[in-house]
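# Working through the structure, step by step
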Amino acid sequence: MDVYPLLARVRAKKPLVHHITNWVTIYECAAITRAAGALPIMAHAEEEAAEMTGISGALVLNIGTLTPQLVSSMISAGKSANAKGVPVVLDAVGAGATKLRTEKANEIIGKVRLAVIKGNKSEIGTLAGAKAETKGVEAISVEGDLPAIAKKLAKASGAAVAITGKRDIVAGPSGEVYYIDNGHEMMGRVVGTGCMAASMIGAFCAVEKDPAKAAAAALSCFGVAGELAAKKARAPMAYKAALIDAVYALAEGDVRKMARVVLDGND
Amino acid sequence: MDVYPLLARVRAKKPLVHHITNWVTIYECAAITRAAGALPIMAHAEEEAAEMTGISGALVLNIGTLTPQLVSSMISAGKSANAKGVPVVLDAVGAGATKLRTEKANEIIGKVRLAVIKGNKSEIGTLAGAKAETKGVEAISVEGDLPAIAKKLAKASGAAVAITGKRDIVAGPSGEVYYIDNGHEMMGRVVGTGCMAASMIGAFCAVEKDPAKAAAAALSCFGVAGELAAKKARAPMAYKAALIDAVYALAEGDVRKMARVVLDGND
Amino acid sequence: MDVYPLLARVRAKKPLVHHITNWVTIYECAAITRAAGALPIMAHAEEEAAEMTGISGALVLNIGTLTPQLVSSMISAGKSANAKGVPVVLDAVGAGATKLRTEKANEIIGKVRLAVIKGNKSEIGTLAGAKAETKGVEAISVEGDLPAIAKKLAKASGAAVAITGKRDIVAGPSGEVYYIDNGHEMMGRVVGTGCMAASMIGAFCAVEKDPAKAAAAALSCFGVAGELAAKKARAPMAYKAALIDAVYALAEGDVRKMARVVLDGND
């Protein structure tokens, strides 16, 4: 799959990507969105969330430091997005770790038509009904075959489902599965790379109607940047800066040469 | 205009600069305040906002991730500042993008006597009653002459009005206009430089009674640092760190040599 | 005192360290926790705080941007921690600066059995009933002998009490006092080092039952990293990144050679 044209479209269209996200990595989400060529806007007040979504190209919902009130804003913005055809990405941070996270992730899935649901293996496993263990925001374990889990949740929700990990997996609602073999182990040692991946997916969804394709391309570009950054830094703070800066500087040649995405047909 | 003496006063007096600000760039606002030589304090609870302002040298209000509750704290702190003669800076982030932002910015202007209102051209244009378009927090367009817009809002509000952009413009309430030709295009590619500019203005207002002069000097020093940082880095995360570190290291000789501020008399 | 074995235990056990903290340095707290080898989880909603604490190895409470609602979550999580034997660290940011901060810090001390209370000299002085002045989050002055103040609060609260400064002091509830002579003056020029120190203490408390020993070892390791970072950077943003990366890279040899902790017996 040729992922570069999608990155080029993000850079050309500069879509506004509305985030209702967590307070830990909110700067990093904004920074990666901008580095990718899009424009971040963070706005969580229920009084403006729906209106802000209405002028945006995509909406990213991240439950990393959720409260019931914040989820209420997310649902309000999500319904506005649905009404206006704006794609919505859910990053199900910590689903499975507490009842609140699991319930609220499911509530969002039930009330908002999502373009992409993204998480690590235990977060997605939890939402797909598999036996899974999440330790805070870390995936510990999940029972079952990951592509099958992603496909199950995609079918049930109608959204593309992205499981991030050493090999990223994106299942589309029609049964197709993308495998993305980019990235570097340093990405797992830095706080916020998962959240940044969701922001990348949001930016790509704003310029590509097929959410599974958008998610796969976003994760591949992010992973290529991660590989390039590892040539510059191997400690977490230096690596984080290098990663965001590598997204900013992604060259067509590197993306074309390094992107590794395989599409495993439809069911 | 000789801006260095104002920076020297910030460094000598180390004023406390109370912020009620957004959750995206709150660290960056604190970091630039400290790099400038002042002491940041972030405190948004309505139960302590007024009291914290009372022991501060300046108050910075930034509506980047506003809620009605947060604005209520801002107004409480602003009234405390007015009562104690503490200068108040408003960064009208996103005014014009949603009804909430425009209304709340105007509510703050109506209820708090401000020293400086700061924004980009479409934010200030919106508040001055000009036809303007804001995309999230990005200025898209504004109809009319920028110095005239700044002067109009300055006259209406009694505050100095700073419009940031390639050329920064600061209009004082008596009709004077400062033009600041410092800065570097990289500043427009980094998340948070606008917010940091408002924090710089807050620190300078704490040591200089003329708010237009304080704002002009602050923007010039920040811009000089931006030019120096561009010699060290050209990617957003590396540049952000270099920019804050350049403010920290600003040398008298560089400021005196590089600052470019022109005062365009009174009406 | 040999502090390296405690760091080695953090790295081996990777404890989950639950934070309810401020919005300024929340990323830095997460980053330093992870750099130390532990797993950070930030979760402040009252609906999940107690449950999240229940699966954690330690709980860090930081009142840097407190609200009454946030303190309510802290107390709920703290009681859960007490019920399950999870150690609780309180970073009393700004105690003494406003009534709210002093009252809420004392309320937490009254309602939660703490393992460690940490602050600068005026924050701890305030809580120990000494005459002290806090300017925002900066220690200005405190009357009296610091080890005596720490011992007084330790005795009154039953917690170990850590006063950070050029020489860190940790008083245990049985009268013992540790003196830690690590660190570098650059640590005082960077926003967030105090908060990061509390996160380090949390990570060490998760693997060591003696909270005074845990706090002393954590502060020593953090200080050693601070000394190593000063060899790489002398400007605040570069230094912050170097400091966190130095914690990540701390080598056994450096810790054993550079750690300077003296235990001044029991009463």
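Everything in this summary refers to the structure shown in the same document.

## Things to note about the pattern of salt bridges
- Inspection of the entire model under this criterion finds 36 salt bridges over all chains.
- As a salt-bridge pair, Arg34 of chain B and Glu138 of chain C come within 3.2 Å of each other at their nearest N and O atoms. With Arg34 of chain B in helix α2 (residues 26-35) and Glu138 of chain C in strand β7 (residues 138-142), this residue pair bridges two chains.
- Measuring nitrogen to oxygen at the nearest pair gives 2.8 Å for the salt bridge that ties Asp181 of chain B to Arg167 of chain B. With Asp181 of chain B in the loop between β10 (177-180) and α8 (193-205) and Arg167 of chain B in the loop between β8 (160-164) and β9 (168-171), this pair connects stretches of sequence that are 14 residues apart.
- Given the relative accessible area of 23%, Asp181 of chain B is considered partly exposed.
- One continuous salt-bridge network, built from bridges that share partners, spans Asp2, Glu252 and Arg256 of chain A.

## Some points on the relation of the copies chain A and chain B
- If you rotate chain A by 120 degrees and push it 0.0 Å along the axis, it lands on chain B with an RMSD of 0.0 Å. These values place the two chain copies in the arrangement generated by a three-fold rotation axis. Relative to the rotation axis, the C-alpha of Trp23 of chain A is the closest in chain A, positioned 3.7 Å from it.
- When you check the interface residues of chain A against chain B, a mere 8% turn up at the interface there too, and the two sides of the contact use different surfaces.

## Focus on the interface of chain A and chain C
- With 29 residues of chain A in contact, the opposing surface of chain C contributes 26 residues.
- Summing both sides of the interface, chain A and chain C together bury roughly 2,400 Å²; the carbon and sulfur share of this comes to 64%.
- Between chain A and chain C we count 10 residue pairs in polar contact (both at pLDDT 80 or more) in total.
- Mapped by element, the contributors of at least two residues to the side of chain A that touches chain C are α5 (99-111) and α10 (236-249) of chain A.
- A breakdown of the residues in the side of chain A that touches chain C according to their chemical character gives 14 nonpolar, seven polar and eight charged.

## Notes on α2 of chain B
Residue and element names in this part refer to chain B.
- By the criterion of burial, α2 is predominantly enclosed, with nine of the 10 residues buried.
- Within α2, burial applies to Ile26, Tyr27, Glu28, Cys29, Ala30, Ala31, Ile32, Thr33 and Ala35.
- One or two positions beyond α2, positive phi appears at Gly37, with a value near 110 degrees.

## Brief notes about the packing of helix α3 (residues 46-54) of chain B against helix α4 (residues 68-84) of chain B
Residues and elements named next belong to chain B.
- Across the interface, α3 lies against α4 with an axial gap of 8 Å and an inter-helix angle of 30 degrees. The angle between the axes of α3 and α4 places the two elements in the roughly parallel class. At the point where α3 passes α4, the crossing takes the right-handed sense. Residues Glu46, Ala49, Ala50, Thr53 and Gly54 of α3 form the contact with α4, whose participating residues are Gln69, Ser72, Ser73, Ser76, Ala77, Ser80, Ala81 and Lys84.
- Here the contact of α3 with α4 is composed, by residue class, of four nonpolar, seven polar and two charged.

## Some points on the packing of aromatic side chains
- Applying the stated rule across the entire model yields three aromatic pairs over all chains.
- Each member of the aromatic cluster is reached from another via a ring pair, and the members are Trp23 of chain A, Trp23 of chain B together with Trp23 of chain C.
- In this arrangement the basic side chain of Lys240 of chain B is found over the ring face of Tyr27 of chain A, its NZ or CZ atom lying 3.8 Å from the centre.

## Description of the interface of chain A and chain B
- Contact with chain A, which involves 26 residues of that partner, is made by 29 residues of chain B.
- Of the roughly 2,400 Å² buried between chain A and chain B, counting both surfaces, carbon and sulfur atoms make up 65%.
- By the criterion of area lost to chain B, the three top residues of chain A are Tyr27, Arg34 and Tyr248 of chain A, representing 29% of everything that side buries.
- At the boundary of chain A with chain B, the tally comes to two salt bridges.
- The residue Glu48 of chain A makes a salt bridge to Arg101 of chain B at a minimum N-O spacing of 2.8 Å.
- Mapped by element, the contributors of at least two residues to the side of chain A that touches chain B are α2 (26-35), β2 (39-42), α3 (46-54) and α10 of chain A.
- Class assignment for the residues of the side of chain A that touches chain B results in 17 nonpolar, one polar and eight charged.

Scoring rules and cut-offs
Residues numbered from 1 in each chain as written. Chains lettered and ligands numbered in written order. Predicted model: local features only at pLDDT ≥ 70, side-chain atom pairs only at ≥ 80, totals over all residues. Heavy atoms only, no water. Salt bridge = Lys/Arg side-chain N within 4 Å of Asp/Glu carboxyl O. Helix = DSSP H or I, 4+ residues; strand = E, 2+ residues; numbered from the N terminus. Buried < 20%, exposed > 50% of the residue type's maximum accessible area, 1.4 Å probe, protein only. Least-squares fit on C-alpha atoms with pLDDT ≥ 70 in both. Contact = heavy atoms within 4.5 Å. Buried area = accessible area lost by both parts, 1.4 Å probe. Polar contact = N/O pair within 3.5 Å; in protein donor to acceptor, adjacent residues only side chain to side chain. Nonpolar A, V, L, I, M, F, W, Y, C, P; charged D, E, K, R; others polar. Axes fitted to C-alpha atoms, helices over the stretch in contact; angles between N-to-C directions. Parallel < 35°, antiparallel > 145°, perpendicular 65-115°, else oblique. Left-handed = near helix turned anticlockwise from the far one by under 90°. Phe/Tyr/Trp six-rings, centres within 6.5 Å; stacked < 30°, edge-to-face > 60°. Lys NZ or Arg CZ within 6 Å of the ring centre and 35° of its normal.

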